[in-house]
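Residue-level structural notes
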Amino acid sequence: WLPAGGQVVSQGQRLYSVTNSPVVLLYGSVPVYRSLSEGMSGPDVQQLNSDLVTLADASKADLDPSSDYFGSQTAAALEKLQSNLGLTKTGTLPLGQAVFEPSAVRVGNVTATLGTPVNPGSPVLTGTSDTRQAVAQIDPTDLPNVSVGAQVTVTLPSDQTTTGVVTSIGTTASSSPSSSGSGSSGSSSSSAPAATIDVDIRLDHPAQAGSDRK
């Protein structure tokens, strides 16, 4: 099973299936790199414990969401999650049964083909965060006037304005023959210079930018 492009997958939901076995999306900043079982510890175990409590597979009284230890309570909660997903209850998390991402995933391109074999390391799909942000394209000569953490004003396609914060600044200029009119620091333009630097902006009020995928 594969999701459709544009579909949003949230914590505890199936991201895709391999040989009819669901691969579940869990939240965490540490990527999957090993199987998890009782007696192990580490930041990947801590995010698993936190997920199991958030998904109500265990209560805080039974399982400390801040604990980085895989104990019997983790195993019991994991069995409940596996049962909800239609998986065999093992109380362990084998490599490949879950994917950890920081937040919900909006599916982009699905690169795998339904019904064909997959190998370890083969790409299945691409995705992004479901939180809308803005990208401003600026002239490299303007870089001294831009800094991470700076407050900016963004002009939306509706001509309304909203506020945001610069989260990152690109390091490589790219050719940009035209621009859609991204706004930064309260200004907008109908055309862009021949080479621009991308500036990522976290919107203070993402809902103001709409919910449709452009």
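Residues numbered from 1 in each chain as written. Predicted model: local features only at pLDDT ≥ 70, side-chain atom pairs only at ≥ 80, totals over all residues. Heavy atoms only, no water.

Our focus in this paragraph is the overall build of the protein chain. Each helix and strand counted, the protein chain has two helices and 11 strands in total. Secondary structure elements in the protein chain, listed N-terminal to C-terminal, are β-β-β-α-α-β-β-β-β-β-β-β-β. Taking all 214 residues of the protein chain together, the buried fraction comes to 34%. In the protein chain, the proportion of contacts linking residues at least 24 apart, taken out of those at least 6 apart, comes to 58%. Element-wise, carbon and sulfur atoms account for 49% of the exposed surface of the protein chain, whose accessible area totals about 11900 Å². (Helix = DSSP H or I, 4+ residues; strand = E, 2+ residues; numbered from the N terminus. Buried < 20%, exposed > 50% of the residue type's maximum accessible area, 1.4 Å probe, protein only. Contact = heavy atoms within 4.5 Å. Areas by Shrake-Rupley, 256 points an atom, 1.4 Å probe, with all protein chains shown as cover.)

So, on to empty space enclosed by the protein. For the structure on display, the rule yields one cavity of 30 Å³ or more. Considered as a void within the structure, the largest cavity measures approximately 60 Å³ in volume. Lining the largest cavity are V30, P31, V32, Y33, R34, L36, D44, Q47, L93, P94, A98 and F100. Elements that contribute at least two residues to the lining of the largest cavity include exactly α1 (43-54) and β4 (98-101). (1 Å grid on protein atoms, 1.4 Å probe; cavity = no way out; pocket = protein on both sides within 12 Å on 5 of 7 lines; lining within 4 Å. Points joined across faces, edges and corners; volume = space filled by probe spheres on them.)

Taking 1.5 Å of rise per residue, the 12 residues of α1 would be expected to cover 16 Å, and the 17 Å separating its terminal C-alpha atoms lies within 8% of that figure. Taken together, the buried positions of α1 are occupied by D44, V45, Q47, L48, N49, D51, L52 and V53. Backbone geometry just downstream of α1 places A56 in the positive-phi region, at approximately 65°. (Expected span 1.5 Å × (residues − 1).)

The next subject is the layout of surface pockets. By rolling a water-sized probe across the atoms, one finds the places where empty space is left. Estimated volume of the second largest pocket: approximately 680 Å³. Taken together, 26 residues make up the lining of the second largest pocket; nearest its centre are Y16, V23, V99, S122 and V124. Sorting the residues of the lining of the second largest pocket by element identifies β2 (14-18), β3 (21-27), β4 and β6 (125-129) as the ones contributing at least two each. If one sorts the elements of the lining of the second largest pocket by residue count, β6 sits on top with five residues. Across the lining of the second largest pocket, the residue classes tally to 17 nonpolar, eight polar and one charged. (Nonpolar A, V, L, I, M, F, W, Y, C, P; charged D, E, K, R; others polar.)

Reading across from one edge, β1-β5-β6 is the order of the three strands in this open sheet, with antiparallel pairing throughout. The open sheet terminates on both sides in strands that have one partner only, identified here as β1 (8-9) and β6. Sheet topology places strand β5 (residues 105-110) next to β6; four bridges connect them, and they run antiparallel. Considered in β6, the bridge of V107 is made with G127. (Pairing = 2+ DSSP bridges.)

This paragraph deals with the packing of aromatic side chains. Tallied over the entire structure, the rule returns zero aromatic pairs. A cation sits over an aromatic face here: R14 above W1, 3.7 Å from the ring centre. (Phe/Tyr/Trp six-rings, centres within 6.5 Å; stacked < 30°, edge-to-face > 60°. Lys NZ or Arg CZ within 6 Å of the ring centre and 35° of its normal.)

Now for the confidence of the model for the protein chain. Looking at the protein chain, the pLDDT average stands at 87 and 90% of residues meet or exceed 70. Element-level mean pLDDT values for the protein chain span from 73 in strand β10 (residues 174-175) up to 98 in α1. Ignoring residues within four places in sequence, the model shows residues 178-190, a span with pLDDT below 50, making 29 contacts including any to other chains. (pLDDT = per-residue confidence, 0-100.)

This part takes up the environment of D62. With respect to the secondary-structure elements, D62 resides in the loop between α1 and α2 (72-84). Given a relative accessible area of 52%, D62 falls into the exposed group. The sequence separation of D62 and Q73 amounts to 11 residues, and the corresponding C-alpha distance is 6.6 Å.

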